[in-house]
Amino acid sequence: MDVTDANAKSDSVLDAIGTAVIADREFLETVLLGVMAQGHVLLEDVPGTGKTLTARSFASALGLSFSRVQFTPDLLPADVTGTHVFNEQDREFEFNEGPIFANVVLADEINRAPPKTQAALLEAMEEQQVTMDGDTRELPDPFFVIATQNPVEQEGTFPLPEAQVDRFAVKTSLGYPDMDGEVELLRRRADRHSQSPSIESVLDNRSVTDLQSVPESVRVEEDLLEYMAAVARETRDDRRAEIGVSPRGTQRLFEASRARAAMQGREFVTPDDVKRVAYPVLTHRVVLTPDAKVNNVRKDEIIEAVLDGVPVPTVE
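Before going into details, it helps to say that this report is about the structure given with it. Source: prediction; values computed, not measured.

1. A look at the overall build of the protein chain
(1) Moving on: Summing up its helical and strand segments, the protein chain has 13 helices and eleven strands in all.
(2) Moving on: Its C-alpha radius of gyration of 20 Å places the protein chain within 12% of the 20 Å reference for a compact globule of 316 residues.
(3) Moving on: Viewed in the frame of its principal axes, the protein chain has a C-alpha envelope of about 70 × 45 × 40 Å.
(4) Moving on: Sorting the 316 residues of the protein chain into buried and exposed places 49% on the buried side.
(5) Moving on: Residue pairs in contact within the protein chain that sit at least 24 positions apart in sequence constitute 77% of those at least 6 positions apart.
(6) Moving on: Of the roughly 15,600 Å² that the protein chain leaves accessible, carbon and sulfur atoms contribute 46%.

This is how it looks when you write it as structure tokens:
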């Protein structure tokens, strides 16, 4: 598969999901960006905006297996990864796979689970494997997590540690639809008998794997590498940031920029690609100082200031 095919297939996936999810095209592109970059996606928004529907729709359009884990304060790590159960007929223990063994895993309201259960996702997200009782088991390929959290209600929640938030390739939100979008939502509901819409598969397991491999062939010039590094390093020098973008974040910026170029059907990355992906890739990796929090400084303001301040290389 080349970048032209990647562009066509990406558009087909987005068109299919757009028939079910009322959202800006840019939002859907950002989620697909995380998939293309072989990363994970964090959706933060108020209840009822379509986060679960988005995750399920992506799984359907991509032709991948899907599972949902509803995170609660009493959820145990074994409830996510699986556990050994004694088989009385064979007189031995056998492993029952947990919901993590799917191509697309929706970690719903991830901030409601205790840290020990949240940590059960870390190895799976980073290594694409789980270890139980000394046995390591590979997860399906492709594999990615779409996690959601509610930023409004904080009672009974456990905020994600910065190290865990850093493992998400992109973070984005849907927001409320505009007037036309909300009317269209009702119009679509009136045309079907079920509450939730359904969509047909556009790709399959093999096609998704091929699609994810396309960005690896996208060219990035030396001056753009320096530009990405400069952007990341500048966030660490901003006085409003206690912690800036990590080296892992710099690498994710590189991977997302290549994925963005592939989605656009180009074999090379441009500065506009870097600027387009900088907000969803870098914003959640910045930790504000206490003074900045008191002054209601937004993290995206820091990214905006950095992008405005770092000289953009000229593409010849």
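2. As for a negative patch on the surface
(1) Moving on: Taken together, the side chains of D24, E26, D178, D180 and E182 define an acidic patch exposed on the protein surface.
(2) Moving on: Residue placement: D180 occurs in helix α7 (residues 179-190).

3. A few points about the environment of L139
(1) Moving on: With respect to the secondary-structure elements, L139 resides in the loop between β7 (135-138) and β8 (144-149).
(2) Moving on: In the structure, L139 is positioned eleven residues away from Q128 in sequence and 5.5 Å away in space, judged by C-alpha atoms.
(3) Moving on: Excluding residues within four positions of it along the chain, L139 makes contact with I100, F101, A124, Q128, Q129 and V130.

4. As for the packing of aromatic side chains
(1) Moving on: Tallying each qualifying case throughout the model produces zero aromatic pairs.
(2) Moving on: One Lys or Arg, R266, reaches over the ring of F268 and ends 5.7 Å from the middle of that ring.

5. Focus on the pairing of β8
(1) Moving on: Burial within β8 is extensive, with six of its six residues counted as buried.
(2) Moving on: Two elements, strand β1 (residues 41-44) and β8, share four bridges in a ladder whose sense is parallel. Bridged to L43 within β8 is T148.
(3) Moving on: When strand β5 (residues 104-108) meets β8, the two strands line up parallel, connected through four bridges. In the strand pairing of β8, V104 is matched with F144.

6. Remarks on the packing of helix α11 (residues 271-282) against helix α13 (residues 299-309)
(1) Moving on: With their axes 10 Å apart at the nearest point, α11 and α13 run at an angle of 150° to one another. With respect to α13, the element α11 is oriented roughly antiparallel. The handedness of the crossing between α11 and α13 comes out as right-handed. Between α11 and α13, the residues in contact are K275, A278, Y279 and L282 and D300, I303, E304 and L307, respectively.
(2) Moving on: Residues belonging to the contact of α11 with α13 are distributed by class as follows: five nonpolar, no polar and three charged.

Analysis parameters
- Residues numbered from 1 in each chain as written.
- Predicted model: local features only at pLDDT ≥ 70, side-chain atom pairs only at ≥ 80, totals over all residues.
- Heavy atoms only, no water.
- Helix = DSSP H or I, 4+ residues; strand = E, 2+ residues; numbered from the N terminus.
- Rg over C-alpha atoms; globule rule 2.2 N^0.38 Å.
- Buried < 20%, exposed > 50% of the residue type's maximum accessible area, 1.4 Å probe, protein only.
- Contact = heavy atoms within 4.5 Å.
- Areas by Shrake-Rupley, 256 points an atom, 1.4 Å probe, with all protein chains shown as cover.
- Patch = residues over 30% accessible without salt bridge, like charges linked within 9 Å, V, L, I, M, F, W, Y side chains within 5 Å.
- Salt bridge = Lys/Arg side-chain N within 4 Å of Asp/Glu carboxyl O.
- Lys, Arg positive; Asp, Glu negative; His and termini not counted.
- Charge placed at Lys NZ, Arg CZ, Asp CG, Glu CD.
- Phe/Tyr/Trp six-rings, centres within 6.5 Å; stacked < 30°, edge-to-face > 60°.
- Lys NZ or Arg CZ within 6 Å of the ring centre and 35° of its normal.
- Pairing = 2+ DSSP bridges.
- Axes fitted to C-alpha atoms, helices over the stretch in contact; angles between N-to-C directions.
- Parallel < 35°, antiparallel > 145°, perpendicular 65-115°, else oblique.
- Left-handed = near helix turned anticlockwise from the far one by under 90°.
- Nonpolar A, V, L, I, M, F, W, Y, C, P; charged D, E, K, R; others polar.

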